[in-house]
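# Reading the structure
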Amino acid sequence: MSSPTSFMKYHLAGISRKTEFSPNHVVNDMLIITQTADALRALGAEITMYDEGLITAESVKEKFIFSMAQGPTGSRTLVTIEDRGAHIINSPLAVMNCYRINMVKLVPQAGIPFPKSVIVATDSAINGRQAGFLSEKLWIKRGDVHAVHKEDVTLANTDDEELTLLKEFQARGISQAILQEHID
């Protein structure tokens, strides 16, 4: 085990998650990042905390970063910072690979069994049967980040419900969605 003095030379950045990406877990997520920073400080590290929604490539100068950022803007900013040589625990590229639109491509490509999923534009009038699904019962999921609103992952039982959900996504500025088979 390292002694407390082993971290004295380190200055790290901690990136907290925007609350909109912590639905029903704002307090838990804040405790995780705060307690991580406190534990590193106890080992002698100097920590500067940043908010995901406020970071810029210029504002974060540290070479060692631990992050809970999840949003597209914060993740893209962290990719820029990582590209210039920073070491980031919870890599923004890994976070972005978990966005549904990316995950539904990557998981099957890796040979991992995954429910049939089709990416659709939310302004389209495509329903599950037109997309090749045998059942009308489908999951409709926002295509970008994970759920930030209770309707972001919804089971639709009819074509009309599917189209209504796609229109609701479009009205909220979500451009792509996933139609995904329901598996009992």
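Predicted, not measured: the structure shown is a model, and the values here were computed from it.

Rules and cut-offs
- Residues numbered from 1 in each chain as written.
- Predicted model: local features only at pLDDT ≥ 70, side-chain atom pairs only at ≥ 80, totals over all residues.
- Heavy atoms only, no water.
- Helix = DSSP H or I, 4+ residues; strand = E, 2+ residues; numbered from the N terminus.
- Contact = heavy atoms within 4.5 Å.
- Areas by Shrake-Rupley, 256 points an atom, 1.4 Å probe, with all protein chains shown as cover.
- Buried < 20%, exposed > 50% of the residue type's maximum accessible area, 1.4 Å probe, protein only.

What follows covers the overall build of the chain. Summing up its helical and strand segments, the chain has five helices and eight strands in all. The principal-axis extents of the C-alpha atoms in the chain amount to approximately 60 × 35 × 30 Å. Counting only contacts in the chain whose residues sit at least 6 apart along the sequence, the fraction spanning at least 24 positions is 62%. As displayed, the chain has an accessible area near 10,300 Å², and 57% of this comes from carbon and sulfur atoms.

A few words now on the environment of G71. Considering the arrangement of structural elements, one finds G71 in the loop between β3 (64-67) and α2 (72-83). For G71, a relative accessible area of 1% gives the class buried. Residues G71 and N127, 56 residues apart in the sequence, show an inter-C-alpha distance of 28 Å. Contact partners of G71, with chain neighbours within four places excluded, come to F21, E52 and Y99.

The subject of this paragraph is the environment of F66. Structurally, F66 can be placed in strand β3. Classification of F66 by relative accessible area gives buried; the value is 7%. Along the sequence, F66 and S91 sit 25 residues apart, while their C-alpha atoms lie 8.7 Å from each other. Every residue in contact with F66, bar those within four places of it in the chain, is listed here: L12, A13, G14, I15, I33, T36, A37, L40, I47, M49 and I89.

This next bit is on unusual backbone geometry. Positive phi, close to 80 degrees, is recorded for N90, a residue that is not glycine. Relative to the assigned elements, N90 resides in the loop between β4 (87-89) and α3 (92-97). The class of N90 is partly exposed, set by a relative accessible area of 36%.

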